[in-house]
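Listed below are the residues making up each chain.
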Amino acid sequence: MLLYALKRLGLAVIITAVALIMLISMIQLIPGDPAAVLLGPLASPEMREMFRQQMGLDQPALIQIARFFGRVLTGDLGTDVLTNRSVLVTVMEQVPFTLALIFASITWSALIGIPLGCFAALYRGSLADRIVGVLSVSSIALPSFVIAIYGLLLFSVKLGWFPTIGAGDSGAPLDQLYHLVLPSLAVGLGWVGYLARMVRASMLEVLTENHVRMARAFGLEERTITYRYALKIAIIPTVVLLGMGVGNMISSAVFAEIVFARPGVGKLIFDAISTRNYPVVMGAVMVTTGFYVLCTLIADLIAAGLDPRVRSTL
């Protein structure tokens, strides 16, 4: 297990480094002069050149990459060129809002999706199984931004049940939870379908294995067989999927944060890209990439702990 964990940790570092190199390369390919966008048409050529030097854009791409990695190793993500604040401080101020949104979304989608998948597997071929299948596929097909917009129009504007914008008053947990309902609905609804379909398929496969048939032959209760012997194995692919899902929810959270005007890392990246504030873009993407890699690493380690066969797959 320790060897697998070390290999998986090394792979996580490589993935993070490759992702950041790709990000910096894409920034170089974006047409237009960021100094001209930020300073406006009235800026003199000297001011633009000074601004490029401040952002490090006057250096070759390889030097920019090396400098950025050097700063990351010391915990410095650079300085926001607009506010002159530390990028790390700016990003970390937004992280709790995004984490709260993702945690709420993945929690309620898992609490509904996993039991739905078990139910559909136990009643395979029934009318209830077909209804669950249709609802699951429908929820997967709905983009999160569509759910966010229609949820806002229906539950906030028309019915007035939930707030339209904001993240709630600081220091008021219930108010913040109230403001999380619609954004977490938009981000997590599709994952109810994903989890239900994944658990159903895994359960159907596990329920036909020899140890389950032997448990039935010994006369064990169906509830015991389902939750103690079948679900424990069937949940392994779902654990890995949840790890990847947390990372994918970061992209879905961007739309929810924009539609509901919530603070968060996604909205920070969107605003930074709009103003060509590259230090903030790189710092925020660095944090989200590290978070995504960490989630998948934890998911893989949990899967390896539950099933020793996984340790030999890396």
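The following paragraphs examine the structure supplied in this document. (Residues numbered from 1 in each chain as written. Predicted model: local features only at pLDDT ≥ 70, side-chain atom pairs only at ≥ 80, totals over all residues. Heavy atoms only, no water.)

Let's talk about unusual backbone geometry
Working step 1: The backbone phi angle of Ala 261 is positive, close to 50 degrees, even though this residue is not glycine.
Working step 2: The class for Ala 261 is partly exposed, based on a relative accessible area of 35%. (Buried < 20%, exposed > 50% of the residue type's maximum accessible area, 1.4 Å probe, protein only.)

Brief notes about the packing of aromatic side chains
Working step 1: For the structure on display, the rule yields 6 aromatic pairs.
Working step 2: Taking the centre distance of 5.6 Å and the plane angle of 45 degrees together, the rings of Phe 145 and Phe 255 count as tilted. In this pair, Phe 145 sits in helix 7 (residues 144-158) while Phe 255 sits in helix 10 (residues 222-259), placing the two residues 110 residues apart along the sequence.
Working step 3: Taking relative accessible area as the criterion, Phe 145 reaches 36% and is therefore assigned partly exposed.
Working step 4: Given a relative accessible area of 40%, Phe 255 falls into the partly exposed group. (Phe/Tyr/Trp six-rings, centres within 6.5 Å; stacked < 30°, edge-to-face > 60°. Helix = DSSP H or I, 4+ residues; strand = E, 2+ residues; numbered from the N terminus.)

A short note on the packing of helix 5 (residues 87-122) against helix 11 (residues 265-274)
Working step 1: At a minimum axis distance of 7 Å, the contact between helix 5 and helix 11 shows a crossing angle of 135 degrees. Between helix 5 and helix 11, the crossing angle belongs to the class labelled oblique. Facing Thr 90, Val 91, Gln 94, Val 95 and Thr 98 of helix 5, the residues of helix 11 in contact are Val 265, Gly 266 and Leu 268.
Working step 2: Among the residues making up the contact of helix 5 with helix 11, the classes are represented as 4 nonpolar, 4 polar and no charged. (Axes fitted to C-alpha atoms, helices over the stretch in contact; angles between N-to-C directions. Parallel < 35°, antiparallel > 145°, perpendicular 65-115°, else oblique. Contact = heavy atoms within 4.5 Å. Nonpolar A, V, L, I, M, F, W, Y, C, P; charged D, E, K, R; others polar.)

As for the pattern of salt bridges
Working step 1: Counted according to the given criterion, the structure contains 3 salt bridges.
Working step 2: Ionic pairing is found between Asp 129 and Arg 200, a salt bridge with its closest N-O pair at 2.9 Å. One end of the pair, Asp 129, is in helix 6 (residues 127-141); the other, Arg 200, is in helix 8 (residues 173-206), and 71 residues separate them in sequence. Accessibility assignment for this pair places Asp 129 and Arg 200 in one class, buried.
Working step 3: Here Asp 271 ties to Lys 267 by a salt bridge, and the two come within 3.2 Å at their closest N and O atoms. Placement of the pair is Asp 271 and Lys 267 together in helix 11, with a separation of 4 residues, close to one helical turn. (Salt bridge = Lys/Arg side-chain N within 4 Å of Asp/Glu carboxyl O.)

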